[in-house]
Amino acid sequence: MLNLSQYESVGAALTGAIEHWPDEVCLIEADREHERCRLTYRDFGAAALRLAGGLEENGFAPGDRAAILMSNQSKWLISAYAVFFCGGVLVPLDYKLTPAEHVALLAHSKSRVLIAEYPIWRALSDGDFTSTRVETILVTEAPAGADLAGAKRWEEFRGHKAPEFRPRKCQEAACIVYSSGTGGRPKGCVLTHDNYLQQCAAVSPLWPFWPGARYLSIIPTNHAIDFMGGFIMPFTGGGTVVHLRTLRPEYIREAFTRYKITYMAVVPLILKNLERGLRERFAALPPMKKRMLNALVRINRMATRGRPRLWLSRALLKDVHKAFGGELRALLVGGAFTEPKTLEFFHDLGIQIANGYGCTEACTAITVNDMKPFRPDTLGKPVAGMQIRIVNPGADGVGEVAVRSKTVMSHYLDDPELTAETIVDGWLLTGDLGKIDASGHLQLLGRKKNMIVTAEGKNIYPEDIENAFDSLPVKEFCVFAVNYLWPQRTMIGEQLVLVVHPDAAQNVNGAIRGEVERRNQRLVPYKRVSGYVLWPEDFPRTASLKIKRNILAEKIGRQLDRSAVQPL
Amino acid sequence: MKTLEQTTDEILGLAAQHFKIPRSELAPTDDFYKKLKIDSLRALELITRLENHFGIELPDYEVQGVTDFRTLASRIQARL
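The rules we used
- Residues numbered from 1 in each chain as written.
- Chains lettered and ligands numbered in written order.
- Predicted model: local features only at pLDDT ≥ 70, side-chain atom pairs only at ≥ 80, totals over all residues.
- Helix = DSSP H or I, 4+ residues; strand = E, 2+ residues; numbered from the N terminus.
- Buried ≥ 20, exposed ≤ 12 C-beta atoms within 10 Å, placed from the backbone.
- Contact = placed C-beta atoms within 7 Å.
- Pairing = 2+ DSSP bridges.
- Axes fitted to C-alpha atoms, helices over the stretch in contact; angles between N-to-C directions.
- Parallel < 35°, antiparallel > 145°, perpendicular 65-115°, else oblique.
- Left-handed = near helix turned anticlockwise from the far one by under 90°.
- Nonpolar A, V, L, I, M, F, W, Y, C, P; charged D, E, K, R; others polar.

Engineer: Tell me about the overall build of chain A, and please be specific about residues and values.
Structural biologist: Regarding its fold elements, chain A presents 18 helices and 28 strands. For the C-alpha atoms alone, the extent of chain A along its principal axes is close to 75 × 65 × 50 Å. Relative to its full complement of 568 residues, chain A shows a buried share of 50%. Across chain A, every contact between residues at least 6 apart in sequence was considered, and the portion connecting residues at least 24 apart equals 68%.

Here you go:
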């Protein structure tokens, strides 16, 4: 791997990788059974520099911001490097958001350039861009003759002369990553070049890359995990990133064997799906084979309890490992809480699950389980350079998890108030509740903040979905995380609830219920409320009429219990 | 050429068969995530099954954000 301490910026490190491994393959892109492209580091650099030349000629200057709206693919990473080469700040956006949410984040980030794939641009181009500062729009893979509504073709966009590399200082912004806030208060985490380089240097020794090591990229690249695990880490180690344009379980399974994948990052939902598929296959085995498998699993479990022995697991459970390509070193799981029994299932098969805890504000990983020994009940120990403490612990040692490290973001974009609430005396207050056990392992036991994280790794803040219920014909309403109203020591199966204060004469269980259901259906499934609660009193409000959410939550929690939730 | 109604009907039949629930319980306007009690990955399994049945390829972006059978049918119909 490159010695990252010699680089000031992500762009400089990527340039170093191109110089170091020009003939190694860095990108493979496949769609279903077909391979679409395979690029060496040299090809990657040349493609990015063509784009950088075009950006430079269009006046894109150091410090300017460029947003990317693409599903996982080679052009995502090529575009990102072009932006870094020009000294720009990257704004990776979630391509699964709605066009209105995309426009809101483009406006908030003050992006001057938007790079989008054609189907996304087609949906977005009808939007009102007057609130944004977008001047240049580049669209990839647009069909011949398509009306691009003022955008330019990515493939044809280039400069007339070689662009000049614009160096950046390590404390300057590299990316603005939105951890939430698409509907309410946008949380744009400003992450510096130093944040990324420090995180990469701390995590790479745990999961090293080398020429020939392959990462399968399926979590959206705007997500901190994939940006680090599927871009910065493999590139600074000379590895290869494999992208699939059609993300279906069967193509993912095929990619494991076809490309001999070394690492893949997953969210718990995908891990559960893999577990289900394997359990179904095991259940279908003839009785004799099933008994043999169970015996081998028991042997593997005993042999690897203290530390992983990959060679032994691969030898004992050959067919299982073959289904994963035979060269898998670890599945990196993150984005949400994983159930210990799922971790145990894979551990028993000798498939290493790198389980940990992290957040965008800390540039991905905070703790990691090194499996020495295997501890499915914890999220592991802090990664190198990370300090953790528990703020205001109770008698049971549980309190808010705070972290301090060179990987903690600089600030929230244009929100000094929220930044001051979140980073106090250099400590990032995560809003998660946990404790550290005698061996230094972190256990998470709930949330202090009013939000949920889904099994898909999506952070959902109730305020962000309230606009779906705007003008609901009731006196007032408010959305809460169920566990915020009635705290529980769990981070699995978190749900949202709508609190409705009806007018005195209203029949909420009649027409209003139908209206709530109709609005709820308009939301994407993971953002929907699971039920509603009727609340007979006026909401407490500030002088500026904002709901005092914490006071309201406390009152509801005290006066009602979970059985008051009417499921939708 | 199939009508949209015929395509929708075939989709409902295949979904019922794949997820082992009575066909009579499914309606075109149903949210399939809710009705079939499935997550996004299991929904993709259904899409693959439908692709094989209709002999088409549905790019991921075509089905992104689609949650009801009728809209899914119209996306498939456009590619028949």
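Engineer: Explain the sheet that holds strand E26 (residues 496-501) of chain A residue by residue, including any values.
Structural biologist: Residue and element names in this part refer to chain A. An order of E25-E26-E27-E28 is seen for the four strands of this open sheet, with the pairing classed as mixed. Edge positions in the sheet fall to strand E25 (476-481) and strand E28 (566-567), since each has one partner strand and no second. Note: E26 against strand E27 (residues 531-534), four bridges, orientation parallel. The residue bridging Val-499 from the neighbouring strand is Val-533, located in E27.

Engineer: Describe the packing of helix H1 (residues 4-18) of chain B against helix H3 (residues 40-54) of chain B, naming the residues involved and giving the relevant values.
Structural biologist: All names here are of chain B. The interhelical angle for the contact between H1 and H3, taken along N-to-C directions, is 130°, at an axis separation of 10 Å. If you check the angle between H1 and H3, you find them oblique. Every pair of crossing elements has a handedness; the one defined by H1 and H3 is right-handed. Residues Ile-11, Leu-14, Ala-15 and His-18 of H1 touch H3, and the partners they reach there are Leu-46, Arg-49, Leu-50 and His-53.

Engineer: Any details on the pairing of strand E15 (residues 364-368) of chain A? Residues and values, ideally.
Structural biologist: All names here are of chain A. Where burial is concerned, most of E15 is hidden: five out of the five residues are buried. Two strands pair when backbone bridges link them, and strand E14 (residues 353-359) and E15 are joined in this way by four bridges, in the antiparallel orientation. Paired with Gly-358 across the bridge in E15 is Ala-365. Linking E14 to E15, which pair antiparallel, is a turn of four residues; within it Cys-363 sits at a positive phi near 65°. Bridge count for E15 against strand E16 (residues 381-382) is two bridges, and the pairing is antiparallel. Paired with Val-368 across the bridge in E16 is Lys-381.

Engineer: Explain the interface of chain B and chain A to me, using residue names and the numbers behind them.
Structural biologist: The interface of chain B with chain A comprises 13 residues on the first partner and 15 residues on the second. Listed by contribution, the elements that provide at least two residues to the side of chain B that touches chain A are H3 and helix H4 (60-63) of chain B. The leading source of residues in the side of chain B that touches chain A is H3(B), at five residues. Here the side of chain B that touches chain A is composed, by residue class, of four nonpolar, five polar and four charged.

Engineer: Provide a residue-level description of the sheet that holds strand E13 (residues 330-333) of chain A, including the pertinent values.
Structural biologist: All names here are of chain A. Taken together, nine strands build an open sheet; the order of strands is E2-E1-E11-E10-E12-E13-E14-E15-E16 and the sheet is mixed. At either margin of the open sheet sits one strand with a lone partner, and together these are strand E2 (34-40) and E16. Two elements, strand E10 (residues 214-217) and strand E12 (residues 263-266), share two bridges in a ladder whose sense is parallel. In the strand pairing of E12, Leu-216 is matched with Met-264.

Engineer: An account of the environment of Arg38(A) is needed here, citing residue identities and associated values.
Structural biologist: All names here are of chain A. Relative to the elements of secondary structure, Arg-38 occurs in strand E2. The exposure class assigned to Arg-38 is partly exposed, which follows from the 15 C-beta atoms found within 10 Å. Separated by 12 residues in the primary sequence, Arg-38 and Cys-26 have C-alpha atoms spaced 7.8 Å apart. When residues no more than four places from it in sequence are discounted, the contact partners of Arg-38 are Val-25 and Ile-28.

Engineer: An account of the pairing of strand E18 (residues 399-404) of chain A is needed here, citing residue identities and associated values.
Structural biologist: Residue and element names in this part refer to chain A. Where strand E17 (residues 387-391) lies against E18, five bridges are found, and the strand directions are antiparallel. By the bridge assignment, Val-391 is partnered in E18 with Glu-400. Sheet topology note: the E18/strand E21 (residues 427-436) ladder contains four bridges and is antiparallel. Counted as the bridge partner of Ala-402 is Leu-429 from E21.

Shape descriptors only; they carry no functional weight alone.
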